[in-house]
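What the coordinates show
Residues per chain, in single letters:
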Amino acid sequence: MKPIRNSRLSEFGAPLDSKHGIIRYSLIARSCSAKHIFIFLNMATDCEAWLNANPVEADDLSDSFLSGEEENGGAVPSSNNINAANNEINGNWMAPSNSLHEARLKAKAKRRLRKNSSRDSGRGDSLSDGGDPGKGSGVGSTSPKSKLLDRKSRLGKGRGLPKKGGAGGKGVWGRSGEVYEPVQVDSKDPNYDGAQENCVYETVVPPLEERDFGKTVTPIVQEYFEHGDTNEVAELLGELNLGPMRSGVPMLAVSLALEAKASHRELTSRLLADLCGPVLTCGDVENAFDKLLSELPELVLDTPGAPQMVGQFIARAVKDQILSKSYIEGYKGKVDCEHARATLDRAAVLLRMSMGGLRIDNLWGSGGGQRAVTELVKEMNLLLKEYLLSGDGKEAERCLRELEVPHFHHEFVYEALVMVLESKGEKTFKMVLLLLKRLWVSTVITVDQMRRGYERVYMDIAEINIDVPRAYFILELFVDKSFSAGVIDKNLRDICPCRGRKRFVSEGDGGCLKLESF
């Protein structure tokens, strides 16, 4: 039987033998390019796979290919030839509708097989005619792309559980919720050491060296001057291994307090009393004051009043019972330095005065923020009275600074204005105005504090006027003078209260009472 050719396959010279169901390829290299050869090989592979899955007889092929004319020798075309002619459109063979439906089913099954490939895909399962599995020869997925994108194993091992039972992976030290038990020491281990069983491991802090002492302790003391919490200082010092440098803590604290304010010196005395016991001993405090007495000539260069201040620290330490009472007596006749003698004399005098009723525990005074309001008001009144007697504005400014209450300076302005309103002469008026101008220029009293002091007087002028009938007039006059001196601004001057003039008797009415008053 002659081989029959498809109209498309004949372009590449591909004869189709219907008897044996085999496609024989005879390509002519000089008439076909490499691209055509590749396309033809793909088509031939698909046809061969389809023929293997659906074997057909040679006689059935006569309906699909135009071989009737060759068999009948050009006679009247048979019904088969007519059907074949109807299936061919524009020289292209069109498969019957049943064949198209089957081809679509097979293509859909192939896509599903490639998509849902699993470990069992290589066991020979295939799809037969009609899409039923288990019939016909096995047709596996031939797409190289599907094999590359499929990450599942083909070995068929395992049950799909997590690796290492979920205890593996990056940054994982074990299963979730797993509790590790103490490891039992194996005495047969080659690295076993019997001496390690009784070992106790502790954190060892190296002793603080002298060169690092100042850099470590100085920030702690300076921070204490801000918050005033002795417990925090004790905790920070307890974390350090001071060793023989313990006596340097009181010495460093007193040295820093000599250059600080009176409130800081009071905090230093409290710190020494609270540290003696938990961190320091009485011997450490005595050694610290011994070093201070020996270094007084150097301290006087920076702080001229160091001898008197150190004497007050010694007297306060004796009163707080962190120094023995015989400490001062032990230096009698043994001191050659005049600064050390002045220090010991100052301490001895204070201790004798304490027997007469002097409170050494409040020797330095309390800090501004720690004082009672009534005490601060009393101090400011005494300051103003002393200034009116002496007329020393510089001393008044120094005393106001030493109170260390910049947030309470409005009280000083208020007391000064009330003192002017209650005075009877011009001396107090002029002196208070000069003092306020001096404190304003030196920025001891800020804009807010000055304004608040004047506003408080404006609010209380009605009550003050009950005791001082001319209070409105004096206040208006003082406010004008303050504005001229630059102490207050125009807005503060304009809101100054003034009492309206109420005339019940007109000067030109002959002393007759008026019915209406204005």
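Attention here is on the structure that accompanies the text. (Residues numbered from 1 in each chain as written. Predicted model: local features only at pLDDT ≥ 70, side-chain atom pairs only at ≥ 80, totals over all residues. Heavy atoms only, no water.)

Glancing now at the nonpolar core. Judged by nonpolar contacts, the single largest core of 52 residues is most densely connected at Phe-213, Leu-237, Leu-258, Phe-289, Ile-314 and Leu-323. Looking at this core element by element, the count peaks at eight residues for helix H12 (residues 306-319). Once you skip the residues sitting within four places of it in the chain, Leu-237 turns out to touch Val-217, Ile-220, Leu-242, Val-249, Leu-275 and Val-279. (Core = buried A, V, L, I, M, F, W, Y, C linked by side-chain atoms within 4.5 Å. Buried < 20%, exposed > 50% of the residue type's maximum accessible area, 1.4 Å probe, protein only. Helix = DSSP H or I, 4+ residues; strand = E, 2+ residues; numbered from the N terminus. Contact = heavy atoms within 4.5 Å.)

Moving on, we come to helix H19 (residues 447-467). Counted at 1.5 Å a residue, the expected span for H19 with its 21 residues is 30 Å, and the 30 Å between its end C-alpha atoms agrees. Bending of H19 peaks at approximately 60 degrees at the position of Ile-461. Every buried residue belonging to H19 is among Gln-449, Met-450, Gly-453, Tyr-454, Val-457, Tyr-458, Ile-461, Ile-464 and Asn-465, and all of these are buried. Along its buried surface, H19 packs onto helix H17 (409-422), helix H18 (426-441), helix H20 (471-485) and helix H21 (490-494). (Expected span 1.5 Å × (residues − 1). Bend = angle between axes of the 7 residues up to and from the residue.)

Its 13 residues place the ends of helix H10 (residues 282-294) 19 Å apart at the C-alpha level, agreeing with the 18 Å of an ideal helix rising 1.5 Å per residue. What H10 keeps buried is the set Asp-284, Val-285, Ala-288, Phe-289, Leu-292 and Leu-293.

Moving on to the packing of helix H6 (residues 210-227) against helix H7 (residues 230-238). Contact pair H6 / H7: the axes reach a minimum separation of 9 Å and the direction vectors enclose 165 degrees. Regarding the angle of H6 to H7, the classification is roughly antiparallel. For the pair H6 and H7, the sense of crossing is right-handed. Across the interface between the two elements, Val-217, Ile-220, Glu-223, Tyr-224 and His-227 from H6 touch Thr-230, Glu-232, Val-233, Leu-236 and Leu-237 from H7. Classifying every residue of the contact of H6 with H7 gives six nonpolar, two polar and two charged. (Axes fitted to C-alpha atoms, helices over the stretch in contact; angles between N-to-C directions. Parallel < 35°, antiparallel > 145°, perpendicular 65-115°, else oblique. Left-handed = near helix turned anticlockwise from the far one by under 90°. Nonpolar A, V, L, I, M, F, W, Y, C, P; charged D, E, K, R; others polar.)

Overall, the coordinates contain 14 salt bridges when judged by the stated rule. When the shortest N-O distance is used, the salt bridge between Arg-270 and Glu-266 registers 3.2 Å. In this pair, Arg-270 and Glu-266 are both assigned in helix H9 (residues 262-275), four residues apart and thus about one turn of the helix distant. Its salt-bridge partner being Arg-398, residue Glu-402 comes within 2.4 Å of it at the nearest N-O pair. Taken as a pair, Glu-402 and Arg-398 lie in helix H16 (residues 393-402) at a separation of four residues, close to a single helical turn. Relative accessible area serves as the criterion here: at 37%, Arg-398 is assigned to the partly exposed category. The network of salt bridges with shared partners includes Glu-266, Arg-270, Arg-316 and Asp-320. (Salt bridge = Lys/Arg side-chain N within 4 Å of Asp/Glu carboxyl O.)

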